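Architecture and fold: a report
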Protein chains: 2
Amino acid sequence: MTARTPDSARDIPEATVARLPVYLRALTGLAEDGTTTCSSEELAATAGVNSAKLRKDLSYLGSYGTRGVGYDVEYLRYQIAREIGVTQDWPVVIVGIGNLGHALANYSGFRSRGFRVVALLDADPSRHDEVVAGLDVRSFEDLESIVAEHDVSIGVIATPAVAAHAVAERMVAAGITSILNFAPTVLSVPDGVDVRKVDLSIELQILAYHEQRKAVSPGSEDVS
Amino acid sequence: MTARTPDSARDIPEATVARLPVYLRALTGLAEDGTTTCSSEELAATAGVNSAKLRKDLSYLGSYGTRGVGYDVEYLRYQIAREIGVTQDWPVVIVGIGNLGHALANYSGFRSRGFRVVALLDADPSRHDEVVAGLDVRSFEDLESIVAEHDVSIGVIATPAVAAHAVAERMVAAGITSILNFAPTVLSVPDGVDVRKVDLSIELQILAYHEQRKAVSPGSEDVS
DNA sequence: CTCGTTTTGTTCTCCCGTTCACAAACTCCT
DNA sequence: AGGAGTTTGTGAACGGGAGAACAAAACGAG
Ligand SMILES: NC(=O)c1ccc[n+]([C@@H]2O[C@H](COP(=O)([O-])OP(=O)(O)OC[C@H]3O[C@@H](n4cnc5c(N)ncnc54)[C@H](O)[C@@H]3O)[C@@H](O)[C@H]2O)c1
Ligand SMILES: NC(=O)c1ccc[n+]([C@@H]2O[C@H](COP(=O)([O-])OP(=O)(O)OC[C@H]3O[C@@H](n4cnc5c(N)ncnc54)[C@H](O)[C@@H]3O)[C@@H](O)[C@H]2O)c1
């Protein structure tokens, strides 16, 4: 069962994958400031991580640095972008154009980072008149045709929790294989489909836990 | 330096703390369905985790189950809520009432989970006329007085990235010790202040990475 | 009361991720 | 050309978390 790795396609640890976008952003910032070269120490400081960790992370991609010198900002930026896959544009559909859906649709940070919102879908017909961020809000029934037309593989769920699972199943059936879920629900999906959840309430509750402990014993606390 | 643990205040692993809110939500769901007792197996399935992991997590809080029976839903729910600190109400301020700030202000999930938005602040005077979710949008200059008046310790940053660090420093100076940051910036704060970040673009980029790899070698993929 | 059944709480082992520390490699200066 | 000074890439130690597996405890049947 020895997995072949014919060309590249090394397997990068999940923790590293999660940090690569942070490095990418840090490098973009450095490039905008006119920096052409940086050491692992500088980049690590900008990205807010340990420099040894940064170097090890980058070493999974290859040897893109020069000893005694550092990394070429533009070159490294491209290499990370290529590895993540954001040199190409990823089409994205957003389902559930309520409070949160509106904010997401209007968010310019998607476009600048390799994602293109191709459709906004909502089950409520009264929403369908609306134009948000230059896109019509369309019927959820159009999901399949839109996914097929634009070859969409990434979907965002911003519906109420009760609707989320049905939406997810319909997405998967339509051919979507990556889901970003904002609804506070556990989604169970087939193998081969990735789900990531963003849960605001959980984040606040984690902060509350630490806050409560600070009140009792003002010890050392820190969170990534 | 042997840390005293006079009463409770055991130190719960960070990974466990991050899951407790998930269990809390699962228990609330079970309670609403009329379930009064559940096994670790059932609860784990509802929360989407391994049952051994669930039991170990709960064991950090104490022995709240009954062998051969399971857990009392309402009792366990209260114990977790108490441990996290959401039996009390946490006052929260939101800074930056743009696209995202509006969505957050209108989100009812805060209130129902022990958080109360006490103020909405924005630097743009043209926003100050507005009323969002029953609250006036007030000047950022009012931060200190609001924090003092309501004893706020949790702040949410929803400003553009360039403003985020200045806002964070001002929050910390005002006495806030926990920050939830939506701006794509690394915040450096003094010890004793917790920062958690929510970064949409990073989540999407992680999905894109896995998506790209699926296209090359359709192997096994899964993300929590 | 005793035995069998169920389910918790915990121990043990393995794996992943973090960090330290250092040799290898490159540049620059003399 | 050679040596001093930097900085990368990585081997190795360490710590924490995940999951399997099991003993202890509670309960019910007879
Ligand atoms: N608003 C926030 O700041 C916030 C924060 C964290 C989490 N969330 C979560 O995000 C989700 C959306 O929040 P919101 O405040 O935007 O809610 P919302 O009620 O404003 O919007 C939900 C939208 O989804 C649509 N919808 C409902 N069922 C649907 C279906 N089956 N298919 C397609 N569309 C459907 C509704 O018509 C509505 O427009 C919720 O699950 C909420 O818990 C929101
Ligand atoms: N909209 C989204 O869906 C989304 C998604 C992910 C991340 N983000 C991030 O969240 C942040 C907010 O996004 P947005 O779309 O709401 O932006 P926005 O421009 O709509 O809103 C930003 C608000 O912050 C206010 N502001 C600016 N400087 C301020 C200061 N110094 N003090 C107080 N208020 C100030 C502005 O007046 C404005 O009202 C950004 O950093 C963005 O990158 C947004």
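Given the structure is predicted, the values throughout are model-derived calculations rather than measurements.

This paragraph deals with the protein's contact with DNA strand C. The local shell around DNA strand C holds 27 residues, among which Arg19 and Arg67 of chain A together with Ser40, Gly68 and Tyr71 of chain B are the closest. Each atom of DNA strand C within 4 Å of the protein was classed as base or backbone; sugar and phosphate made up 68%. In this structure, a base nitrogen belonging to DNA strand C sits 2.8 Å away from a side-chain N or O atom of arginine 67 of chain A. Between DNA strand C and serine 40 of chain B there is a distance of 2.5 Å, counted from a phosphate oxygen to a backbone nitrogen or oxygen. At the level of elements, helix H1 (14–32) and helix H3 (51–59) of chain A together with helix H3 (51–59), strand S2 (65–66) and strand S3 (70–72) of chain B are the ones that each hand at least two residues to the surface near DNA strand C. Considering every element that reaches the surface near DNA strand C, the biggest residue donor is H3 of chain A, with 4 residues. Of the residues in the surface near DNA strand C, the class split is 7 nonpolar, 11 polar and 9 charged.

The subject of this paragraph is the UniProt feature "DNA-binding region" (unreviewed entry) in chain A. UniProt records the feature "DNA-binding region" (unreviewed entry) at residues 22–61 of chain A, using the numbering of this structure. Helix makes up 70% of residues 22–61 of chain A and strand 5%. Its end C-alpha atoms lie 15 Å apart.

All right, on to the side chain of glutamate 203 of chain B then. Following the sequence through the fold, glutamate 203 of chain B ends up in helix H8 (residues 200–216). Note on glutamate 203 of chain B: relative accessible area 15%, which makes it buried. Apart from the residues lying within four places of it in its own chain, the contact partners of glutamate 203 of chain B are Leu180, Arg196 and Val198 of chain A.

Not every one of the 23 residues close to ligand 1 is listed here, only the nearest: Asn99, Leu100, Asp122, Arg127 and Thr159 of chain A. Bordering ligand 1 are residues originating from chains A and B. Here alanine 103 of chain B contributes a backbone N or O atom positioned 3.1 Å from an oxygen atom of ligand 1. In this structure, tyrosine 107 of chain B approaches ligand 1 through a side-chain N or O atom, which is 3.1 Å from an oxygen atom. Bound to the protein, ligand 1 loses 83% of the 820 Å² it would expose on its own. Counting only elements with at least two residues in the shell around ligand 1, the list comes to helix H5 (99–106) and helix H7 (161–174) of chain A together with helix H5 (99–106) of chain B.

Our focus in this paragraph is the sheet that holds strand S5 (residues 115–122) of chain B. All names here are of chain B. Spatially, S6-S7-S5-S4-S8-S9-S10 is the arrangement adopted by the 7 strands of the open sheet, whose pairing is mixed. Each edge of the open sheet carries a strand with a single partner, namely strand S6 (131–132) and strand S10 (194–197). By the bridge criterion, 2 bridges tie S6 to strand S7 (residues 135–139) in an arrangement that is antiparallel. Residue pairing in the sheet places valine 131 in a bridge with aspartate 136 of S7.

Every one of the 26 residues lining DNA strand D counts as a neighbour, but Ser40, Lys56 and Tyr71 of chain A together with Lys56 and Arg67 of chain B are closest to it. Close to the protein, within 4 Å, the atoms of DNA strand D are drawn from sugar and phosphate at a rate of 67%. Within the side chain of arginine 55 of chain A, one N or O atom sits 2.9 Å away from a base nitrogen of DNA strand D. Note that a sugar or linking oxygen of DNA strand D is positioned 3.1 Å from one of the side-chain N or O atoms of arginine 67 of chain A.

Pairs of aromatic rings are described using the distance from one ring centre to the other and the angle between the two planes. Residues and elements named next belong to chain A. Within this structure, the stated rule accounts for 4 aromatic pairs over all chains. On the basis of an interplanar angle of 75 degrees and a centroid distance of 5.4 Å, the ring pair of tyrosine 107 and phenylalanine 110 is categorised as edge-to-face. Residue phenylalanine 110 is classed as buried on the basis of its relative accessible area, which comes to 4%. Just above the ring of phenylalanine 140 sits the side chain of arginine 170; from NZ or CZ to the centre is 4.9 Å.

On to the sheet that holds strand S2 (residues 65–66) of chain A. Spatially, the 3 strands line up as an open sheet ordered S1-S3-S2 (chain A), and their pairing is antiparallel. Two strands in the sheet have a free side with no partner beyond their single neighbour: strand S1 (37–38) and S2 of chain A.

This part is about the UniProt feature "binding site: NAD(+)" (unreviewed entry) in chain A. Residue and element names in this part refer to chain A. If you check UniProt for "binding site: NAD(+)" (unreviewed entry), the listed places come out as Gly96, Ile97, Gly98, Asn99, Leu100 and Gly101 in our numbering. Tracing the sequence through the fold places isoleucine 97 in the loop between strand S4 (90–95) and H5. Those residues in contact with isoleucine 97, other than ones at most four positions away along the chain, are His102, Leu120, Leu121, Asp122, Arg127, Val132 and Val137. Relative to the helices and strands, glycine 101 resides in helix H5. Not counting chain neighbours up to four residues away, the residues in contact with glycine 101 comprise Gly96 and Ala158.

With 68 residues of chain A at the interface, the matching set in chain B holds 68 residues. Together chain A and chain B conceal approximately 6300 Å² of surface at their shared face, both sides included; 60% is due to carbon and sulfur atoms. At the boundary of chain A with chain B, the tally comes to 6 salt bridges. Residues glutamate 203 of chain B and arginine 196 of chain A are paired through a salt bridge, measuring 2.4 Å at the closest nitrogen-oxygen approach. Across the contact surface, chain A and chain B share 21 residue pairs in polar contact (both at pLDDT 80 or more). Taken together, the elements giving at least two residues each to the side of chain A that touches chain B come down to H1, helix H2 (40–47), helix H4 (73–84), H5, strand S9 (178–181), strand S10 (194–197) and helix H8 (200–216) of chain A. Residues of the side of chain A that touches chain B, tallied by class, amount to 34 nonpolar, 17 polar and 17 charged.

Here the focus is the site of ligand 2. Close contacts around ligand 2 come from 23 residues, with Leu100, Asp122, Arg127, Ala158 and Thr159 of chain B the closest. Two or more chains meet at ligand 2, and those chains are chains A and B. At 3.5 Å, a backbone N or O of leucine 104 of chain A approaches an oxygen atom of ligand 2. Separating a nitrogen atom of ligand 2 from a backbone N or O atom of alanine 123 of chain B is a distance of 3.2 Å.

The rules behind the values
Residues numbered from 1 in each chain as written. Chains lettered and ligands numbered in written order. Predicted model: local features only at pLDDT ≥ 70, side-chain atom pairs only at ≥ 80, totals over all residues. Heavy atoms only, no water. Near = heavy atom within 4 Å. Polar contact = N/O pair within 3.5 Å; in protein donor to acceptor, adjacent residues only side chain to side chain. Helix = DSSP H or I, 4+ residues; strand = E, 2+ residues; numbered from the N terminus. Nonpolar A, V, L, I, M, F, W, Y, C, P; charged D, E, K, R; others polar. UniProt positions renumbered as here; feature names shortened; annotations may be inferred. Buried < 20%, exposed > 50% of the residue type's maximum accessible area, 1.4 Å probe, protein only. Contact = heavy atoms within 4.5 Å. Areas by Shrake-Rupley, 256 points an atom, 1.4 Å probe, with all protein chains shown as cover. Pairing = 2+ DSSP bridges. Phe/Tyr/Trp six-rings, centres within 6.5 Å; stacked < 30°, edge-to-face > 60°. Lys NZ or Arg CZ within 6 Å of the ring centre and 35° of its normal. Buried area = accessible area lost by both parts, 1.4 Å probe. Salt bridge = Lys/Arg side-chain N within 4 Å of Asp/Glu carboxyl O.

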